[in-house]
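Residues per chain are reported as follows:
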Amino acid sequence: MTLVIGVVVVVMILLAAAEGIGDGQGDSRIPTVGPLVNLPPPESLPTLGYALPEIEPTSSWVEYGQLIGTTLEPGVEYSIYPAVRTRESFGLGGQVSTFQYIDKMKFAGMTWIKFQVHEGDVDAIDKLQRAKASGFRVLLGIVGDPARATDSEYHDRYAAYVAEIAASGADAIEIWNEPNLDRDWPTGQVSPQIYIQLLSKSYDAIKAANPETIVISAALASTSLAKSVRSEKYWTETDYSSAFVAGGGLRYADCVGAHYNVGTAPPDASDPNAIWDASFVHFPRLLDYYKALTNSTRPLCFTEVGYLTAEGLAPLEQVAPNFAWASGNTLQEQADWLAQAVTIARADPQVELLIVWNVDFQNQEKDPHAGYAIIRSGGACPACDTLHRAMSTTEP
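Residues numbered from 1 in each chain as written. Predicted model: local features only at pLDDT ≥ 70, side-chain atom pairs only at ≥ 80, totals over all residues. Heavy atoms only, no water.

> Provide a residue-level description of the overall build of the protein chain, including the pertinent values.
Within the protein chain one finds 12 helices and 10 strands. Taken across its 396 residues, the protein chain has 56% of its residues classed as buried. Taking contacts inside the protein chain between residues at least 6 apart in sequence as the whole, the part at least 24 apart equals 73%. (Helix = DSSP H or I, 4+ residues; strand = E, 2+ residues; numbered from the N terminus. Buried < 20%, exposed > 50% of the residue type's maximum accessible area, 1.4 Å probe, protein only. Contact = heavy atoms within 4.5 Å.)

Printed below as a string of structure tokens:
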């Protein structure tokens, strides 16, 4: 249970029972036993970048259930953490817009392909089948209608669609995309609890259709802010993710989704003084944060890892001034840093998947997709060579 008094956080993982949540019929995802776990001392939390869930102290799990919108039975102890799920293996992949560079992806050591589609897209299954026929495992990131994201009837429709995709053989499905921003969620209604309602319906529908499909919670957008913000337009990643975990969201995900696409330094660089979302400019800080937040009960799936460089393209200051922070990044740095990130992730038993953002996108406007692409002019791919070397070494 998470209890907050001011900035004091105490996380208690008590003896838990496998029955009594929701409809009272039981939930096998709640562990039958869990140890007492303490987060770092309160004075160190801001330095570590932890957001503090706004949950008042409660005297029972019943009251806690009322706070998070879940029915919890009296006399039963629960846990916000599910039973531990370890990664199956480490997988490397890339998000694509076409099937043009399959051979280069395989040379780079990629065994996964990611497509992002929208709920109701009729060509999603065709993409899935073509990718599997080419020998890849397939992740589909499925975004719904932002205007209906809080509509429970739409949740049913979305869940039915992702179940259809699972039944068609999807190896993994990411439920939505960056729901902490009003780009993909209604303005004024950003809510981890409503997202958990959507996620739980989707999880159950997917597992009923294909128990082998990995369900990934939506990766969040980092705001790079060094403070807590829960506004009408966005929540910081730390605010949203901590509320998601405190609300029991981990019970409905096999893997926790994450994005890392704001790097301007090698992925082993860090800054212990950076706080909140500002710390997530550093890849090690993002890794450490999610491992601590989830109590290492779920592996991490990086559904986007990318380094932006405008080398060989129109300057970012001209076409995408909001991304001018990456103006100093070079194409060789992109190649080197991606390989280093893969080496770090591959060696970390908490990381199950790393998807390179992106392989072959060409748009270089206010959202400079082409600047993240590893395939450049004339089909050159410096990152394919560095990734090949990284994936060819003996796995740690």
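Structure shown, so let's carry the discussion forward.
> Lay out the pattern of salt bridges in plain terms, naming residues and giving numbers.
Scanning the entire structure with this criterion turns up 16 salt bridges. The shortest N-O distance in the salt bridge between E119 and R157 comes to 3.1 Å. With E119 in the loop between strand 4 (112-118) and helix 4 (124-133) and R157 in helix 5 (residues 152-167), the pair connects residues that are 38 residues apart, well separated along the chain. For E119, a relative accessible area of 15% puts it in the buried group. (Salt bridge = Lys/Arg side-chain N within 4 Å of Asp/Glu carboxyl O.)

> Any details on the pairing of strand 9 (residues 300-305)? Residues and values, ideally.
Judged by how many residues are buried, strand 9 sits mostly within the fold: 6 of 6 residues are covered. After leaving strand 8 (residues 256-260), the chain enters helix 8 (residues 283-293) and then returns to the sheet as strand 9, a path that is right-handed. Here strand 9 pairs with strand 10 (residues 351-356) via 4 bridges, running parallel. Bridged to L300 within strand 10 is V351. (Right-handed = clockwise from strand over helix to strand, strands pointing away. Pairing = 2+ DSSP bridges.)

> Residue-level account of the sheet that holds strand 5 (residues 137-143), with values.
Sheet architecture is open: 8 strands sit in the order 7-6-5-4-3-10-9-8, paired in parallel fashion. Looking at the sheet topology across the chains shown, the edges are occupied by strand 7 (214-217) and strand 8. Ignoring which end each strand starts from, the neighbouring axes of this sheet average 25 degrees apart. Pairing geometry for strand 5 and strand 6 (residues 172-175), over 4 bridges, is parallel. Note on strand 6: the bridge partner recorded for I142 is I175. (Axes fitted to C-alpha atoms, helices over the stretch in contact; angles between N-to-C directions.)

> Go over the packing of aromatic side chains, please, and point to the residues and values.
For the structure shown, the criterion picks out 16 aromatic pairs. Where F99 meets F115, the ring centres are 5.5 Å apart and the plane angle is 50 degrees; that geometry is what we call tilted. Residue F99 is found in the loop between strand 3 (91-95) and helix 3 (102-107), and its partner F115 is found in strand 4; the two are separated by 16 residues along the sequence. Across the pair, F115 and F99 agree in class, each one buried. Seen from their ring centres, Y158 and W176 are 5.3 Å apart, and the 45 degrees between their planes marks the pair as tilted. Of this pair, Y158 sits in helix 5 while W176 sits in the loop between strand 6 and helix 6 (192-209), and the two are 18 residues apart along the sequence. In this structure Y158 comes out as buried when scored by relative accessible area, which is 0%. Its relative accessible area of 1% is what places W176 among the buried residues. In textbook terms, an aromatic cluster arises when at least three aromatic residues are bridged by ring pairs, as seen for Y158, W176, W185, Y195 and F244. Over the ring of F99 we find R130; its NZ or CZ atom is 4.1 Å from the centre of that ring. (Phe/Tyr/Trp six-rings, centres within 6.5 Å; stacked < 30°, edge-to-face > 60°. Lys NZ or Arg CZ within 6 Å of the ring centre and 35° of its normal.)

> With reference to specific residues and values, describe the state of the cysteines.
Taken as a whole and assessed by the stated rule, the structure comprises 2 disulfides. Residue pairing for C255: its cysteine sulfur links by disulfide to C301, the two sulfurs lying 2.1 Å apart. Disulfide C255-C301: the torsion about the S-S bond is 105 degrees, which places it as right-handed. Taken together, the residues span a long stretch of sequence, with C255 in the loop between helix 7 (237-246) and strand 8 and C301 in strand 9 at a distance of 46 residues. Owing to a relative accessible area of 0%, C255 belongs among the buried residues under this scheme. A relative accessible area of 2% places C301 in the buried class. Across the disulfide, C381 is cross-linked to C384 (sulfur-sulfur distance 2.1 Å). Judged by the torsion about the S-S bond (80 degrees), the C381/C384 disulfide is right-handed. Pair check on accessibility: C381 and C384 agree, each one buried. (Disulfide = S-S within 2.5 Å.)

> Please provide a residue-by-residue account of unusual backbone geometry, values included.
Omega for the peptide link from W357 to N358 comes to 0 degrees, which places this bond in the cis form. Structurally, N358 is set in the loop between strand 10 and helix 11 (369-372). In this structure, W176 is a non-glycine residue whose phi angle is positive, near 80 degrees. Phi at S296 is positive, roughly 55 degrees, even though this residue is not glycine. Topologically, S296 is positioned in the loop between helix 8 and strand 9. A relative accessible area of 29% places S296 in the partly exposed class.

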